[in-house]
Amino acid sequence: MTTTPVIPVMKPWLDEAEATAAAEVVSSGWLAQGPRVAEFESAFAAHVGAGHGVAVSSCTTALHLALHLLGIGPGDEVVVPSFSFIATANCVVYVGGTPVFADVEADDGNLSVRTVEPLLTERTRAIVVVDQGGMPADVEPLRALCDSRGIALVEDSACAAGSRYRGAPVGAGAFLAAWSFHPRKLLTTGEGGMLTTSDEQVAERARRQREHGMSVSAAARHQSRQPVLESYLEVGFNFRMTDIQAAVGLVQLAKLDEMVRRRRVLATGYQAMLADVPGLRTVQDPAWGESNFQSFWVELDSGFPLSRNEMLKALAAEGVSARAGIMAAHRQPAYAGHQHGDLSTTERLTDHTLILPVFHTMTEAEQEVVVDVIRRAAGLKAA
Ligand SMILES: *Cc1c(COP(=O)(O)O)cnc(C)c1O
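Residues numbered from 1 in each chain as written. Predicted model: local features only at pLDDT ≥ 70, side-chain atom pairs only at ≥ 80, totals over all residues. Heavy atoms only, no water.

Caption draft 1: The arrangement of the nonpolar core in detail. Core analysis: the biggest nonpolar cluster contains 80 residues, and Phe-40, Phe-44, Ile-127, Leu-315 and Leu-356 have the highest contact counts within it. The element contributing the most residues to this core is helix α9 (residues 243-273), with 10 residues. Here this core gathers at least three residues from each of two domains, domain 1 (16-254) and domain 2 (256-377). Residue contacts for Phe-40: discarding those within four places in its chain leaves Phe-181, Leu-187, Thr-189, Met-194, Met-241, Ala-246, Gly-249, Leu-250 and Leu-253. (Core = buried A, V, L, I, M, F, W, Y, C linked by side-chain atoms within 4.5 Å. Buried < 20%, exposed > 50% of the residue type's maximum accessible area, 1.4 Å probe, protein only. Helix = DSSP H or I, 4+ residues; strand = E, 2+ residues; numbered from the N terminus. Domains from an automatic or database assignment. Contact = heavy atoms within 4.5 Å.)

So, in structure tokens, the structure goes:
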């Protein structure tokens, strides 16, 4: 009896080097936020063209910190896409604000001025734009809209490390951008995140606020030969990353460009081999940038013989672990009864897209298995 090998939807690219880097930190005796975190912050910020990096425990805490730093609270509205992982909306609730769900564009799955502008009120304090699945959002028109209204733009770039926007890395020059290093993204530290900012004072306060609002960091206090008395300037959080995570992150960061290159080759392969499938649309780079293809999704319409869920089942039966498309937060029980306007594109994409396997070590043969199941379902020959 043969067992069908399972092709995962995602697999982090980890080698001995990450294990060695983590072991070195353990041997050093300093495991908590310290020199490796500081090094990882500068290296990551430089890589994405951000002025300053503040490492935190996850992208969720980075978003929470961003909205906290903006002083958002009860009575304030923040426009977010429903078409996103639920943390994008939750971070608004954490600070006592009200998320207002905006629809997305069908091509890139992201917010646009068209979908956001009608929702702005005198209570709107910020917009959180997501680079969904690594697909760069068109942030320049949104930045201009925010500037003209005196509100903040927060970029949820959780999935987008290594994506490019108008010739620069996504996040370059962003006032506030949040990143995730969860294993479902490209660069992973197990759990972990980063807040990047163009503003030095915001970075300084973020560093304090991720560490209980302490005037002196624990690492600086430890290094001092004099007794240091810290004070607690504001009520802060414990959102720290560990040096173990940062050491892994530094190794991963050095591999990021190679990860993106490989994923883009695999994405191009899917686009070519699925181009003639009727009723199927593959995600494409937008005019303004290049995706890292953290998620490679396809949309099935009525011209395709199977429903999305039937297609997922057929893939699973052949050992291919695909996923239903990005969730819609407004449909989750956590947001039941929450008011929202038209979210028809969000609902269409959530119901009719699926995410295909893409991972660094994926072979051509594995990709052909995936393509083959889809082509056979559509009644076509192998590509
Ligand atoms: C993964 C993800 C998050 C949450 O990241 P964590 O690091 O797991 O907290 C937030 N927003 C988006 C768009 C994501 O994809």
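Caption draft 2: Structural view of unusual backbone geometry. Unusually for a residue other than glycine, His-212 sits at a positive phi of about 65 degrees. Along the chain, His-212 falls in the loop between α7 (200-209) and α8 (218-223).

Caption draft 3: Expanded view of the UniProt feature "active site" (unreviewed entry) in the chain. Per the UniProt record, the feature "active site" (unreviewed entry) sits at Lys-185. Looking at the secondary structure, you find Lys-185 in the loop between β8 (176-180) and β9 (193-197). With sequence-adjacent residues up to four places away left out, Lys-185 is seen in contact with Met-10, Ala-158, Cys-159, Ser-180 and Gln-294. (UniProt positions renumbered as here; feature names shortened; annotations may be inferred.)

Caption draft 4: Examining the pairing of strand β4 (residues 124-130) more closely. Counting buried positions over the 7 residues of β4 gives 6, a clear majority of the element. Inspection of the sheet shows strand β2 (residues 77-81) paired to β4 by 3 bridges, in the parallel sense. In the strand pairing of β4, Val-79 is matched with Ile-127. Chirality of the crossover, the property in question, places the unit of β4, helix α6 (residues 139-149) and strand β5 (residues 152-156) among those that are right-handed. (Pairing = 2+ DSSP bridges. Right-handed = clockwise from strand over helix to strand, strands pointing away.)

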